[in-house]
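What follows is each chain in one-letter form.
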Amino acid sequence: MEGDAQIQHHQHKTRKAGRGAKEKKKDKRAKEQGTRVERHNVRAFGVSNVGRTKRNIQRNLDRSQKKEYVPLSDRRTTVAHEVPPSTVVVMGPSGVGKSTLIRSLVKSYTNHNLTTITGPITVVTGKNKRITLFECPNDTTAMLDCAKVADLVLLVVDAKF
């Protein structure tokens, strides 16, 4: 293999006799003369069960149609007529588990973990129901203010004694 020498690969053995060779020669001659007729086998692409094929085609069309259009409800109109969320205030002395109670309520409704509780937390509890959880500080004035606003007050007490 020096310089410009090309590698000769072995070609398939051409048919020289038999029906296949005759057909190939005849086809080659017709192609050169321009009289070649394209033949299509009608049975080559037929189906065995026409009814099943029609059902499959219709099913695929229905599925593609379903993907094209998804009716969306306008959420703004439903929110305007909803009632405000219920307010739940959790109050008690320090160290009794107010934050733990709120974290466990949020975990049970949303399956999310809260690390810190800062401010009110609104949780969707049902299709049309929401609750807002407040942690009340250990201060008399703050407790009175929270009790005025709250729909429900949870008083957490220390049960160590």
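Everything that follows concerns the structure shown earlier in this document.
Just so you know, these numbers come straight off a predicted model, no measurement behind them.

A.B. asks: Could you clarify how one ought to interpret the overall build of the protein in this entry?
C.D. replies: What the protein contains, in helices and strands, is five helices and four strands. Secondary structure elements of the protein occur, N-terminal to C-terminal, as α-α-α-β-α-β-β-α-β. Relative to its 161 residues, the protein shows a buried fraction of 15%. Of all intrachain contacts in the protein linking residues separated by at least 6 positions in sequence, the fraction that spans at least 24 positions is 57%. Here the protein displays about 14,700 Å² of accessible surface, and carbon together with sulfur accounts for 53% of that area.

A.B. asks: What is the right way to read the nonpolar core from this model?
C.D. replies: The tendency in soluble globular proteins is for nonpolar side chains to be buried side by side. Counting 11 residues, the largest nonpolar core consists of Val88, Val90, Val96, Ile102, Val106, Ile117, Ile121, Val123, Ile131, Leu133 and Val156. For this core, the secondary-structure elements that each account for two or more residues are β1 (86–91), α4 (98–110), β2 (121–124) and β3 (130–135). Beyond its immediate sequence surroundings of up to four residues, Val156 is in contact with Val90, Met91, Gly92, Pro93, Val96 and Leu101.

A.B. asks: I tried to follow a positive patch on the surface on my own but got confused; where do I start?
C.D. replies: Together, Arg19, Lys22, Lys25, Lys26, Arg29 and Arg39 make up a region of like positive charge exposed at the surface. Note on placement: Arg39 falls in the loop between α1 (19–33) and α2 (50–68). Residue Arg39 is classed as exposed on the basis of its relative accessible area of 71%.

A.B. asks: Hey, could you run me through the environment of Ile131 in this one?
C.D. replies: Take Ile131: it is sitting in strand β3. Dropping the residues within four chain positions of it, Ile131 is found in contact with Pro85, Ser86, Tyr109, Ile121, Thr122, Val123 and Thr125.

A.B. asks: Help me understand the pattern of salt bridges in this model?
C.D. replies: The tally for this structure, following the rule as stated, stands at one salt bridge. Ionic pairing is found between Asp27 and Arg36, a salt bridge with its closest N-O pair at 3.1 Å. On the accessibility criterion, Asp27 (34% relative accessible area) is partly exposed.

A.B. asks: Looking at this structure, I do not really get the pairing of β2. What am I missing?
C.D. replies: Residues in a regular strand point their side chains to alternate faces of the sheet. Of the two faces of β2, only one is covered, namely that formed by Ile121 and Val123; the face formed by Thr122 and Val124 stays uncovered. Linking β2 back to β3 in an antiparallel pair, the connection comprises five residues.

A.B. asks: Even after reading the chapter, I still don't get the sheet that holds β3, so can you show me in this structure?
C.D. replies: Think of a sheet as strands paired side by side through backbone hydrogen bonds, with each pair either parallel or antiparallel. Taken in spatial order, the four strands make up an open sheet running β2-β3-β1-β4, and their pairing is mixed. If you trace the sheet from one side to the other, it starts and ends with β2 and β4 (152–155), each paired once. Strand-to-strand twist across the sheet, computed as the mean angle between neighbouring axes with direction ignored, equals 25°. Note that β2 and β3 share four bridges and pair antiparallel. Note on β3: the bridge partner recorded for Ile121 is Leu133.

A.B. asks: Just checking my understanding: could you explain α4 for this structure?
C.D. replies: What sets the pattern is the α-helix's 3.6 residues per turn: residues three or four places apart point alike. End to end, α4 covers 18 Å across 13 residues, agreeing with the expected 18 Å (1.5 Å per residue, within 8%). Among all positions of α4, only Lys98, Ile102 and Val106 are buried. Along α4, the residues classed as buried sweep out an arc of 65° about the axis, all on the same side. For α4, the elements touching its buried residues are β1, β2 and β3. Asn111 sits one or two residues past α4 and shows a positive phi near 65°.

A.B. asks: Please explain the side chain of Thr132 as it appears in this structure.
C.D. replies: Note that Thr132 resides in strand β3. Residue Thr132 is classed as buried on the basis of its relative accessible area, which comes to 7%. At 3.1 Å, the side chain of Thr132 and the side chain of Thr122 are in polar contact. Beyond its immediate chain neighbours, meaning those up to four positions away, Thr132 contacts Pro85, Ser86, Thr87, Val88, Pro120, Ile121 and Thr122.

The rules behind each value
Residues numbered from 1 in each chain as written. Predicted model: local features only at pLDDT ≥ 70, side-chain atom pairs only at ≥ 80, totals over all residues. Heavy atoms only, no water. Helix = DSSP H or I, 4+ residues; strand = E, 2+ residues; numbered from the N terminus. Buried < 20%, exposed > 50% of the residue type's maximum accessible area, 1.4 Å probe, protein only. Contact = heavy atoms within 4.5 Å. Areas by Shrake-Rupley, 256 points an atom, 1.4 Å probe, with all protein chains shown as cover. Core = buried A, V, L, I, M, F, W, Y, C linked by side-chain atoms within 4.5 Å. Patch = residues over 30% accessible without salt bridge, like charges linked within 9 Å, V, L, I, M, F, W, Y side chains within 5 Å. Salt bridge = Lys/Arg side-chain N within 4 Å of Asp/Glu carboxyl O. Lys, Arg positive; Asp, Glu negative; His and termini not counted. Charge placed at Lys NZ, Arg CZ, Asp CG, Glu CD. Pairing = 2+ DSSP bridges. Axes fitted to C-alpha atoms, helices over the stretch in contact; angles between N-to-C directions. Expected span 1.5 Å × (residues − 1). Arc of directions from axis to C-beta. Polar contact = N/O pair within 3.5 Å; in protein donor to acceptor, adjacent residues only side chain to side chain.

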